[in-house]
Amino acid sequence: MFEAMQSVKCNVGFIFIAVAVVLSQALTVTSVAVPISNCYALDNSSHLFDFSGWVGVPFVYDGKDTDFVIRFCKDVESRSQMGYVDFGRFDKFNYFVAGSGHVDLVQEFYNGDLLNCEHTFDKMGRTAQVNIICGNCLNGQCKGQLGCICNVSYESTCRAIVELAIPCEKPGPRVFEGFTVGFHPRSWEIVYNGMTQLGFEKSHHDFSFSTEQPHVTLYLTAIASHSYLVQKPIVKVFPENGLEVKLSGTGTTGKPPTTLSPSTLLLDWRCVKAHNTPYEVNITIPVEGYEPIEFVLTKMCEFTQNQEGDATKGWAIFGIISCIFMVSSTLFCCGGFIYKTRVERQRGIDALPGMTILSACLETVGGAGQGYSRAEDLNTASVSEVSWERPHTAAQGTWKPSERKYGSICFNCVDFGLESEKTKRNRKLRNNMAHCMGFIILLSLLALAPLCFSAKTFGGGYLYPQFYDHSCPKAKEIVKYILAKAVAKEPRMAASLLRLHFHDCFVKGCDASILLDKSGTIISEKGSNPNRNSARGFEVIDEIKAALEKECPHIVSCADIMALAARDSTVLTGGPNWEVPLGRRDSRGASLSGSNNNIPAPNNTFQTILTKFKLQGMDIVDLVALSGSHTIGNARCTSFRQRLYNQSGNGQPDYTLDQSYAAQLRTNCPRSGGDQNLFFLDFVSPIKFDNSYFKNLLAYKGLLNSDQVLFTKNAVSKELVKKYAYNQELFFQQFAKSMIKMGNISPLTSYRESVVRALRNK
């Protein structure tokens, strides 16, 4: 048995692999993309060794009683007549590191057999460490061979130490370790550890930015001790004409980025010319002494765009001019009114501002009749105390005073049928003031017009985690308390509430419309195909809403309750935590057609599912990450029956479904009947939020067709599945980001919208 295995050392396949490795490393590298597998390492000088072509290659060591077998970057086993003993598997992200001394690289293998090893300090079972020597063994073994095991020793019955010699050939490019580029501070969607991530190493249509997105902000971080090596970025656009790109931010000045203080790279791009295919924006960041950081962003240009800010700038200028006119008109009208009523018919010192008040004070102190006489009174024949004097002219129709003094009692003109000149003047003044105020109001409305046109939710606000800190400070605590009781009573409830939030956001946005019952004007979304006999958890939302109405009436919306419940459901089952942006309002309407058309179905094709995500502003990364929520919860037999019996309409099962797993499923999911029979979406850890869902996809044991196509129908999603299967922390980080992104789908934030006391009929 082992002679056949031993013969693989010198076969033609080995020669082909070695030649391929040499050729791949001999090519000139302008940028460093992350390898297609996790079987790679960086040596002590930061040079990349990519062993993706070696994955699974076996090496056998002939021992006295047993043979030791290493499948490169796969697993380690001890084989004897007594059977196989597993010393661990290579399935973690950072278990391939640089060595020391004569050892160039080190691989770690964990989670082997537990027999006699379950009492170790970490209870991880058997483990193995493979020390890789680039070249030949120290004792001269392996000369002329393409790899062999030099030595096997045991630290204990639970841990093996193996030396493996292989022809590493020349090292790859030198990687600037610790450098990251992401869309958020301290994130690394684009570049991680100096290597460009899949999806950004070249142009990918699935990763394109939409035409409507005018800005992209990138955050750069590096280890502080080496950050001074980072230089100014270089941008190239292909095709050269048609996309206008401008860079700004601290990253363009060459400011050293650090992990505590990331540099920003603001990318402003405008579509000058429409193009059928995406524009490629190649950004290169030179690093002294290392390979440059290079990545590609793609931008769709389905139509041309005006100069950024032209519309807003025009409205702003118009608003400023309107405000100037408004203030000027107000001052003009007020000044004219004062002039007409106070100054127009006064002469000399009497026209000075404040003279009327001063004269009144003097008259009050000195006694009535001792005030300062008005200039017009000096022209009269005599000056006496206040009295009415009939004029000696023939005009007997109007009586008017011949003498008035400041501080004295002033009577209006006595009208004997003819309107006095003063009355006419006052009426004219009132008319002028009315026209003036109307003009001011018109200018005010025009000045405020830009706000009406530019604000998306005028009178509303934006989502932020502290929304209820003052109005209902115990809101989050109440939600978590009631939800914890519900999940403890029924663990499946966590998945149900997570799914409820997803089905709500994909129809009209995250507005709690899925909670609305059927009424005279509402056709409930609960009757749609994705929700009928499937959506659940409404009673828990009702209980939380009732408790919050008692604590702070009419404050917390049902939409925010669902967002908080989804986050807490994830945390309670062992998943990641995140800050939930709050401030949503509740919808007064539902959309049955939207629920039927917008929510991805279990039997949809990959492209259909991706299209439905893109319609909500989500991308392929969000699709794969959010699908990971199927690590908890159940699915009905009717959701995957076609995979067992008639996947393509030819009476044959789905060839991408592991047949032994399919046989188990058929026992409780017959050809007919049993539609409501439940099955775990993740049979490995059905009530624990982890990354075993992605590991199941690697083994072709995804339950739903919509799950397995992530690994079988698209190269980008396949690599994401592998990355999340190897690195749970990476999956958790992206899941949290995608949940926040999904929670921001078209929320109602205007204060004109409502916070209802209850959305369901009880």
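Residues numbered from 1 in each chain as written. Predicted model: local features only at pLDDT ≥ 70, side-chain atom pairs only at ≥ 80, totals over all residues. Heavy atoms only, no water.

Visitor: How should the overall build of the protein chain be read in this particular structure?
Guide: Scanning the protein chain from terminus to terminus reveals 18 helices and 24 strands. For the protein chain, the residues scored as buried account for 46% of the 762 residues in total. Contacts spanning at least 24 positions in sequence make up 68% of the contacts within the protein chain whose residues lie at least 6 apart. As presented, the protein chain carries roughly 38,900 Å² of accessible surface, and 57% of it is formed by carbon and sulfur atoms. (Helix = DSSP H or I, 4+ residues; strand = E, 2+ residues; numbered from the N terminus. Buried < 20%, exposed > 50% of the residue type's maximum accessible area, 1.4 Å probe, protein only. Contact = heavy atoms within 4.5 Å. Areas by Shrake-Rupley, 256 points an atom, 1.4 Å probe, with all protein chains shown as cover.)

Visitor: Would you mind showing me how to read the pattern of salt bridges here?
Guide: Oppositely charged side chains can form a pair if their charged atoms are brought close together. By the definition in use, this model includes 20 salt bridges. The partner of Asp75 in a salt bridge is Arg71, and the shortest N-O contact between them spans 2.6 Å. By relative accessible area, which is 10% here, Asp75 ends up buried. Among the residues examined, Arg71 registers a relative accessible area of 35% and is labelled partly exposed. A salt bridge links Arg89 to Asp86; the shortest N-O distance between them is 2.6 Å. (Salt bridge = Lys/Arg side-chain N within 4 Å of Asp/Glu carboxyl O.)

Visitor: Got a minute to help me understand the state of the cysteines in this structure?
Guide: In a disulfide, the sulfur atoms of two cysteines are covalently bonded to one another. Under the defined criterion, the tally for this structure stands at seven disulfides. Each sulfur of the disulfide joining Cys472 and Cys552 lies 1.9 Å from the other. Taking the torsion about the S-S bond as the criterion, the Cys472 to Cys552 disulfide, at about -45°, is left-handed. Of this pair, Cys472 sits in the loop between helix H5 (421-454) and helix H6 (475-489) while Cys552 sits in the loop between helix H8 (538-551) and helix H9 (558-572), and the two are 80 residues apart along the sequence. With a relative accessible area of 2%, Cys472 lands in the buried category. The exposure class assigned to Cys552 is buried, which follows from its relative accessible area of 6%. (Disulfide = S-S within 2.5 Å.)

Visitor: I keep staring at the packing of H6 against H9 and nothing clicks. Help me out?
Guide: Axes are the key here: two packed helices are described by the angle between their axes and the distance separating the axes. The N-to-C vectors of H6 and H9 enclose an angle of 55°; their axes lie 9 Å apart at closest approach. When the axes of H6 and H9 are compared, the pair comes out oblique. Crossing angle aside, the handedness with which H6 passes H9 is right-handed. For the pair H6 and H9, contact is made by Lys476, Val479, Lys480, Leu483, Ala484 and Val487 and by Ile561, Leu564, Ala565, Asp568, Ser569 and Leu572, respectively. The residue makeup of the contact of H6 with H9, split by class, is eight nonpolar, one polar and three charged. (Axes fitted to C-alpha atoms, helices over the stretch in contact; angles between N-to-C directions. Parallel < 35°, antiparallel > 145°, perpendicular 65-115°, else oblique. Left-handed = near helix turned anticlockwise from the far one by under 90°. Nonpolar A, V, L, I, M, F, W, Y, C, P; charged D, E, K, R; others polar.)

Visitor: Quick question: what am I supposed to make of the side chain of Ser37 here?
Guide: Within the fold, Ser37 resides in the loop between helix H2 (12-26) and strand E1 (40-42). A relative accessible area of 14% places Ser37 in the buried class. At 3.2 Å, the side chain of Ser37 forms a polar contact with the backbone nitrogen of Cys39. A polar side-chain atom of Ser37 sits 2.8 Å from a polar atom in the side chain of Ser52. Not counting the four nearest positions on each side in its chain, Ser37 is found in contact with Ser52 and Val55. (Polar contact = N/O pair within 3.5 Å; in protein donor to acceptor, adjacent residues only side chain to side chain.)

Visitor: Explanation requested: the sheet that holds strand E19 (residues 275-285) in the structure shown.
Guide: Each strand in a sheet pairs with another by means of backbone hydrogen bonds, the pair being arranged parallel or else antiparallel. The strand order across the open sheet built from three strands is E16-E19-E20, with neighbouring strands paired in antiparallel fashion. Unpaired on one side and paired on the other, strand E16 (234-238) and strand E20 (293-301) mark the two borders of the sheet. Adjacent strand axes in the sheet meet at a mean angle of 20°, parallel and antiparallel pairs treated alike. (Pairing = 2+ DSSP bridges.)

Visitor: Any chance you could explain the packing of helix H7 (residues 492-505) against H8 here in plain terms?
Guide: Their axes nearest at 10 Å, the elements H7 and H8 cross at an angle of 85°. Compared by their axis directions, H7 and H8 come out roughly perpendicular. When H7 is examined against H8, the residues Met493, Leu497 and Leu500 are found in contact with a partner set consisting of Phe538, Val540 and Ile541. Class assignment for the residues of the contact of H7 with H8 results in six nonpolar, no polar and no charged.

Visitor: Would you mind going over the environment of Val76 with me for this structure?
Guide: Its location among the elements puts Val76 in strand E5 (residues 75-80). Ignoring sequence-local partners within four residues, the contact set of Val76 consists of Phe68, Val69, Ile70, Val85, Asp86, Phe87, Gly88, Phe109, Ala128 and Val130.

Visitor: Quick question: what am I supposed to make of helix H14 (residues 659-666) here?
Guide: Given 3.6 residues per turn, any residue in an α-helix points the same way as the ones three and four places further on. Among all positions of H14, only Tyr661, Ala662 and Leu665 are buried. Around the axis of H14, the buried residues are gathered within 100° of arc, so they sit on the same side. Close packing links the buried residues of H14 with helix H13 (641-645) and strand E24 (678-680). (Arc of directions from axis to C-beta.)

Visitor: Hey, could you run me through the packing of aromatic side chains in this one?
Guide: What characterises a pair of aromatic rings is the spacing of the ring centres plus the angle enclosed by the ring planes. Throughout the structure, instances matching the rule amount to 35 aromatic pairs. Ring geometry for Phe87 versus Tyr154: centroids 6.0 Å apart, planes at 50°, classification tilted. Separated by 67 residues along the polypeptide, Phe87 in strand E6 (residues 83-89) and Tyr154 in strand E10 (residues 148-156) bring together distant segments of the chain. Of the residues examined, Phe87 reaches a relative accessible area of 4% and is grouped as buried. Grouping aromatic residues by their ring pairs yields a cluster made of Phe49, Phe51, Trp54, Phe59, Phe72, Phe90, Phe96 and Phe109. Directly above the aromatic system of Tyr645 lies the positively charged group of Arg666, at a separation of 6.0 Å from the ring centroid. (Phe/Tyr/Trp six-rings, centres within 6.5 Å; stacked < 30°, edge-to-face > 60°. Lys NZ or Arg CZ within 6 Å of the ring centre and 35° of its normal.)

Visitor: What am I meant to see in the environment of Leu267 here?
Guide: Following the sequence through the fold, Leu267 ends up in strand E18 (residues 263-271). Beyond its immediate sequence surroundings of up to four residues, Leu267 is in contact with Pro214, His215, Val216, Val245, Lys246, Leu247 and Leu297.

Visitor: How do you make sense of unusual backbone geometry when you look at a structure like this?
Guide: The phi angle of most residues is negative, glycine excepted, and most peptide bonds adopt the trans form. Cis geometry marks the peptide bond from Phe238 to Pro239, where omega comes out at -10°. Notably, Cys73 is not glycine yet its phi reads approximately 55°, a positive angle. Examined against the element boundaries, Cys73 turns out to sit in the loop between strand E4 (67-71) and E5. Exposure remark for Cys73: the relative accessible area of 5% places this residue in the buried category.

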